[in-house]
Structures are given as structure tokens and as C-alpha cells.
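The residues making up each chain are set out below.
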Amino acid sequence: MNLIVLGSGSRGNCFALVCDGAVLLIDAGFSAREIERRLELAGVAPTALIGIALTHEHGDHAAGATRLAARHGAPILASFGTWRALAATGERCDYLPLGMATTTVAGPFTVNACPTSHDAAEPIALGVTMPGGVSLGAAYDLGRPTQAVRWFLRDRHCLILEANHDETLLRTSGYPVVVQQRIAGPGGHLSNRDAARLLDEVHHDGLQTVVLAHLSQRCNSEEAARGTVMTSLSARGFRGDLVLAEQDGPMATIAIRGPAQQSLFA
Ligand SMILES: [Zn+2]
Ligand SMILES: [Zn+2]
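The following refers to the structure shown.

Criteria and cut-off values
Residues numbered from 1 in each chain as written. Chains lettered and ligands numbered in written order. Predicted model: local features only at pLDDT ≥ 70, side-chain atom pairs only at ≥ 80, totals over all residues. Heavy atoms only, no water. Pairing = 2+ DSSP bridges. Helix = DSSP H or I, 4+ residues; strand = E, 2+ residues; numbered from the N terminus. Contact = heavy atoms within 4.5 Å. Axes fitted to C-alpha atoms, helices over the stretch in contact; angles between N-to-C directions. Donors = N, O, S within 2.8 Å, 3.2 Å for Na, K, Ca; no water. Tetrahedral: all angles 85-135°; square planar, octahedral: opposite > 155°, others 65-115°. Buried < 20%, exposed > 50% of the residue type's maximum accessible area, 1.4 Å probe, protein only. Salt bridge = Lys/Arg side-chain N within 4 Å of Asp/Glu carboxyl O.

Details of the sheet that holds strand β6 (residues 95–97)
So, step 1. Ordered in space as β6-β5-β4-β3-β2-β1-β14, the seven strands form an open sheet in which the pairing is mixed. Every other strand in the sheet has two partners, leaving β6 and β14 (254–255) as the edge strands with one partner each.
So, step 2. Sheet strands in contact with helix α1 (residues 32–41) are β1 (2–7), β2 (14–19) and β3 (22–26), and its direction is about 135 degrees off that of β1.
So, step 3. Where helix α3 (residues 65–72) meets the sheet, it contacts β3, β4 (49–53) and β5 (76–78), and its direction lies at approximately 160 degrees from that of β4.

Have a look at this one:
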């Protein structure tokens with residue numbers, strides 16, 4: 001299974017999972033045309049799109065979702081609250097529900113969800129499992145990591161996790177206090193320190209890749225995010241790859257191996 005970061009940050013979030021020639025997007029926070037352009041730059045045909053899984057309806061996650069889905073006949077996979085928020089304004093397209101008690105299959109991808117704490121209609125973290133048992137978790141735009149989220153992210157081989165801001169840089173950002181409180185509050189975003197703490201809790205020997213996502217350009221730096229998270233991961237003996245998602249992708253393709261392939265090369 002391959003993961004391609006098409007772009008992540010406050011100006012848009014979109015990740016592509018490629019397996020057996022099929023493409024599942026995690027979020028579609030750029031225009032449909034821009035997502036198609038980034039897929040083509042990464043060497044992936046947009047016609048291979050078989051589904052668009054959404055964490056929530058905010059524009060930086062869903063701006064191109066319904067247009068892209070309608071254009072390629074691919075369903076939207078989302079919580080009902082997200083779907084209802086999108087359906088009011090978006091183009092007509094197919095819908096597959098995601099929920100904690102629901103397992104949804106799209107081609108080689110099995111997708112499930114976990115509720116998150118964020119100021120949207122019904123936001124979720126996403127889990128995707130592929131043939132061979134390769135498992136990925138994606139959690140961003142969450143103000144607090146709940147026990148459910150910790151449980152949901154355990155045992156994943158790849159994690160896309162929010163490291164939105166450095167707490168000191170947020171305080172000195174010049175944002176009004178009310179905005180700072182929203183970002184750092186329970187409906188906002190995870191700080192670098194929150195991400196480091198969460199990774200300390202969910203780390204296991206099979207964790208191969210951590211992608212830090214949704215970095216704030218104004219309230220974070222690559223050095224701060226990498227340094228804070230790596231301190232925590234190193235203490236747990238992490239030997240995988242730490243990738244910082246960039247706003248303007250596509251980035252180089254990341255190969256994610258399953259448990260069987262891991263043991264072959266161990
Ligand atoms: Zn966002
Ligand atoms: Zn959001």
C-alpha cells in the first residue's frame with residue numbers, strides 16, 4: 001500500500017492511498033481540479049479513484065469532495081452528520097456511511113471511524129485496513145485525544161496525526177486571544193506536545209511511519225514539531241520514518257508494509 005501526501009495544512013488537506021491500482025482519498029480539501037492535478041503529478045490517474053473518505057465538512061478538508069466524487073462516480077465515505085452538511089450545498093454523488101459500529105468496504109480498502117472532539121457537525125478519525133493487514137489511522141482536527149481515539153489508533157502501521165501548533169508560538173502569534181482559545185480548546189487542534197503525548201501512548205513495535213499533519217504556518221515550525229514528537233518517539237524506541245506533511249504537495253510516495261512483510265525483513 002502506498003500513501004501520497006497531496007497536501008496538508010490550514011489551506012487544504014488531502015492524502016491518497018493507493019492499493020491494487022485503486023485510489024482512496026482521505027479528505028479532499030482542495031478544488032477537484034487541483035486534486036486531479038496533484039494526483040497526476042504523483043503519477044496516479046484520477047480515474048482510479050474509488051472513494052473519498054472525509055473526516056469532516058470544513059472547507060480545508062472537503063472543498064473538492066462532492067465535485068470530485070460526482071465527476072468520477074466515486075462515493076463519499078463520511079459520518080452522517082458530515083454528509084448532511086455537505087449534501088446541502090454540494091453536487092449529487094453517492095454516499096457510504098461511516099461510523100464506530102460500521103465497517104465500510106470500498107475496493108481493497110476497509111474503512112472505519114471514531115468520533116473526535118472538533119467544532120464540526122460529526123467529525124471522525126479514520127481507520128483504513130488493506131489486504132495483508134496493513135493498517136493506517138488518520139486523526140487531525142481534534143481538540144482533545146479521547147480514550148476512544150487512543151483505542152482507535154492503537155496497532156496501526158502508519159499514523160497520520162495532527163501536530164498543529166507549538167504552544168509558545170501560538171501565544172506569540174498575534175492572533176486575538178479568542179482565536180488562540182479556539183485553536184487550543186477542546187473543539188480545536190492538537191499541539192505538538194499533544195501529538196507527542198498521544199504517540200507515546202499508542203506506540204508499538206509495528207508502527208512504521210508517522211506523518212505529522214495540519215501544521216500551522218503561523219504557529220508552528222518544522223523544527224518544533226519534529227523535535228517535540230521525535231523526543232517522545234525515540235524514548236519509545238521508534239525506528240520508523242517521521243514525515244512532516246507539506247502544504248504544497250504531492251510529496252514522495254510512502255510505501256507502507258503489512259505485518260507479514262515486516263516479519264520477512266525483520
Ligand atoms: Zn482543518
Ligand atoms: Zn476542521
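Structural notes on the coordination of the zinc ion (ligand 2)
So, step 1. Donor atoms from the polypeptide that coordinate the zinc ion (ligand 2) comprise H56 (NE2), H58 (ND1), H118 (NE2) and D141 (OD), at 2.2 to 2.3 Å from the metal.
So, step 2. One way to put it: the four donor atoms around the zinc ion (ligand 2) meet at angles of 90 to 169 degrees, and that makes the site irregular.
So, step 3. In the primary structure, the donors to the zinc ion (ligand 2) are separated according to the pattern H-x1-H-x59-H-x22-D.
So, step 4. Here the zinc ion (ligand 2) and the zinc ion (ligand 1) are spaced 3.6 Å apart, with D141 acting as a shared donor.
So, step 5. Of the residues examined, H56 reaches a relative accessible area of 1% and is grouped as buried.

A short note on the pattern of salt bridges
So, step 1. Enumeration according to the criterion identifies eleven salt bridges in this entry.
So, step 2. One salt bridge in this structure joins E36 and R71, with 2.8 Å as the shortest N-O distance. With a gap of 35 residues between them, E36 in helix α1 and R71 in helix α3 connect regions that are remote in the sequence.
So, step 3. Residue classification places R71 among the partly exposed residues on the basis of a relative accessible area of 41%.
So, step 4. A salt bridge links R67 to E91; its shortest N-O distance comes to 2.7 Å. Residue R67 is located in helix α3, and its partner E91 is located in the loop between α4 (80–87) and β6; the two are separated by 24 residues in the primary sequence.
So, step 5. R67 sits in the partly exposed class, given a relative accessible area of 44%.
So, step 6. Given the relative accessible area of 34%, E91 is considered partly exposed.
So, step 7. One network of salt bridges, in which partners are shared, links R11, E34, R37, R38 and D248.

Functional significance is not addressed by these values, which are geometric in nature.
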